[in-house]
Amino acid sequence: MAASSKVIDLRQLLAKRFPATLVPAADRLATGVPAIDQVLRGGLPKNAITELTSPNRSAGSALLIYALLQNAFRAGYFLALVDGRDSFDPQPMGNAQLRNLLWVRCGKAFEAVQAADLLLRDGNFPLIVLDLVLNPPEELRKIPQTNWYRLQRLVEAAPAAFLVLTRHSIISSAQLKLTLDNAWSLADLEEEEEVAARLKIQVNRVQGGRQIVAGAG
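A quick note: this is a predicted structure, and the numbers were derived from the prediction, not measured. (Residues numbered from 1 in each chain as written. Predicted model: local features only at pLDDT ≥ 70, side-chain atom pairs only at ≥ 80, totals over all residues. Heavy atoms only, no water.)

J.: Outline the overall build of the chain, listing residues and values.
T.: Regarding its fold elements, the chain presents nine helices and 10 strands. Buried positions account for 49% of the 217 residues belonging to the chain. Sequence-distant contacts, at least 24 apart, represent 67% of the contacts inside the chain between residues at least 6 apart. Just so you have it, the chain exposes about 10,700 Å², and 52% of that area is on carbon and sulfur atoms. (Helix = DSSP H or I, 4+ residues; strand = E, 2+ residues; numbered from the N terminus. Buried < 20%, exposed > 50% of the residue type's maximum accessible area, 1.4 Å probe, protein only. Contact = heavy atoms within 4.5 Å. Areas by Shrake-Rupley, 256 points an atom, 1.4 Å probe, with all protein chains shown as cover.)

J.: Break down the packing of aromatic side chains for me, citing the residues and quoting the values.
T.: For the structure shown, the criterion picks out two aromatic pairs. Within the aromatic cluster, the residues linked to one another by ring pairs are Tyr-66, Phe-88 and Trp-103. Here the basic side chain of Arg-105 rests over the ring of Trp-103, its NZ or CZ set 4.5 Å away from the ring centre. (Phe/Tyr/Trp six-rings, centres within 6.5 Å; stacked < 30°, edge-to-face > 60°. Lys NZ or Arg CZ within 6 Å of the ring centre and 35° of its normal.)

J.: Describe the nonpolar core, listing the residues and the values that go with them.
T.: Of all hydrophobic cores here, the largest spans 35 residues; its most connected members are Leu-40, Leu-64, Leu-79, Leu-127, Val-129 and Leu-165. Elements with a minimum of two residues in this core: helix 2 (34-37), helix 3 (61-75), strand 4 (79-83), strand 6 (127-131), strand 7 (161-166), strand 8 (176-180) and strand 9 (201-207). A total of eight residues in this core trace back to one element, the largest contributor, which is helix 3. With near-sequence residues (within four places) excluded, Val-129 lies in contact with Leu-68, Leu-79, Ala-80, Leu-81, Val-82, Leu-163 and Leu-165. Ile-49, Ala-80, Leu-140 and Leu-154 belong to the second largest nonpolar core, which has 27 residues in total. (Core = buried A, V, L, I, M, F, W, Y, C linked by side-chain atoms within 4.5 Å.)

J.: Give a detailed account of the confidence of the model for the chain, specifying residues and quantitative values.
T.: Scored by pLDDT, the chain comes out at a mean of 82, with 75% of its residues at no less than 70. When pLDDT is averaged over each element of the chain, strand 6 comes out on top at 98 and strand 10 (residues 210-216) at the bottom at 50. Residue range residues 18-25 is modelled with pLDDT below 50. Its contacts to residues more than four positions away, or to other chains, number 20 contacts. (pLDDT = per-residue confidence, 0-100.)

J.: Give a description of helix 5 (residues 109-122) that names residues and reports values.
T.: For helix 5, built from 14 residues, the straight-helix expectation of 20 Å at 1.5 Å per residue is met to within 8% by its first-to-last C-alpha distance of 20 Å. Those residues of helix 5 that fall on the buried side of the exposure criterion are Ala-109, Ala-112, Val-113, Ala-115, Ala-116, Asp-117, Leu-118, Leu-119 and Leu-120. (Expected span 1.5 Å × (residues − 1).)

J.: For the pattern of salt bridges, give the residues involved together with the corresponding values.
T.: A side chain with one charge may pair with a side chain of the opposite charge, provided their charged atoms come close. Evaluated as defined, the whole model comprises six salt bridges. Lys-177 serves as the salt-bridge partner of Glu-51, at 3.0 Å between the closest nitrogen and oxygen. Of this pair, Glu-51 sits in strand 3 (residues 49-53) while Lys-177 sits in strand 8; the two residues are 126 residues apart in sequence, bridging distant segments of the chain. Arg-150 is the partner of Asp-117 in a salt bridge, and the nearest nitrogen-oxygen pair spans 3.0 Å. Of this pair, Asp-117 sits in helix 5 while Arg-150 sits in helix 7 (residues 145-156), and the two are 33 residues apart along the sequence. Residue Asp-117 is classed as buried on the basis of its relative accessible area of 8%. Its relative accessible area of 30% is what places Arg-150 among the partly exposed residues. Linked through salt bridges whose partners overlap, the residues forming this network are Arg-85, Lys-108 and Glu-139. (Salt bridge = Lys/Arg side-chain N within 4 Å of Asp/Glu carboxyl O.)

J.: Describe the pairing of strand 6, naming the residues involved and giving the relevant values.
T.: By the criterion of burial, strand 6 is predominantly enclosed, with five of the five residues buried. Side-chain alternation along strand 6 places Leu-127, Val-129 and Asp-131 on one buried face and Ile-128 and Leu-130 on a second face that is also buried. Examined bridge by bridge, strand 6 and strand 7 share five bridges and lie parallel to one another. Each bridged residue has a counterpart across the sheet, and for Asp-131 the counterpart in strand 7 is Leu-165. (Pairing = 2+ DSSP bridges.)

J.: Can you explain the side chain of Thr-166? Please cite residues and give values.
T.: With respect to the helices and strands, Thr-166 occurs in strand 7. Engagement of the side chain of Thr-166 in a polar contact is seen with the backbone oxygen of His-168, the distance being 3.2 Å. Among all residues touching Thr-166, those that are not within four sequence positions of it are Glu-51, Leu-52, Thr-53, Ser-54, Leu-132 and Val-133. (Polar contact = N/O pair within 3.5 Å; in protein donor to acceptor, adjacent residues only side chain to side chain.)

J.: Can you lay out helix 3 for me, pointing to particular residues and giving the numbers?
T.: Under the 1.5 Å per step criterion, the end-to-end length of helix 3 is 21 Å for 15 residues, consistent within 8% with the ideal 21 Å. Listed as buried for helix 3 are Ser-61, Leu-63, Leu-64, Ile-65, Tyr-66, Ala-67, Leu-68, Leu-69, Asn-71 and Ala-72. One or two residues past the end of helix 3 sits Gly-76, with phi positive at roughly 80 degrees.

J.: Describe the side chain of Asp-37, naming the residues involved and giving the relevant values.
T.: Inspection of the secondary structure assignment puts Asp-37 in helix 2. Buried charged residue Asp-37 carries no salt bridge. Nearest counter-charge: Arg-74, at 7.8 Å. Not counting residues up to four positions away in its chain, the partners in contact with Asp-37 are Leu-29, Ala-30, Thr-31, Gly-32, Gly-42 and Gly-43. (Lys, Arg positive; Asp, Glu negative; His and termini not counted.)

In structure tokens:
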């Protein structure tokens, strides 16, 4: 199937399944994750790209996605997850919570960026998560910075928070940069709810050309 046909099919699916999603008010989106909401004074900023890096392999990015989806279910809005490596495991989530998820399964980073572009244009999702944590570095290096600037222009006009998950920072235009500062064992991760509450996040906030570093968790 040609790329243009895939875009048309996805646009038709969005129009049919998500015709009028309620978008929470205010300029920040509460995530339900204390490590984010407290240090960012209310949640993820809307109209901006937030890049969250996970330099450690057991930093908790999957747990963060689960927590975001649980909060979307509680708050009654839809979350769009663009899965850059088709790695999301829905098994830990209940069927009711999965009804609040649009899961776009991609095999390559460039496909995932294209899907995020379309979702930002759609304007019906309060939170769009682009997960590139498991995509190979050589794929990510091929994404031109102009693509990220285009996504930034799109999100500036969209009533949404846009969270990009990466292994290492790659987005020069991101207004807010976070780092998951965790390194857990398998035994830790089995205590899912307790571990999610103990997420540690470092904030590298870019303001007026200066970088401000803060910690939480």
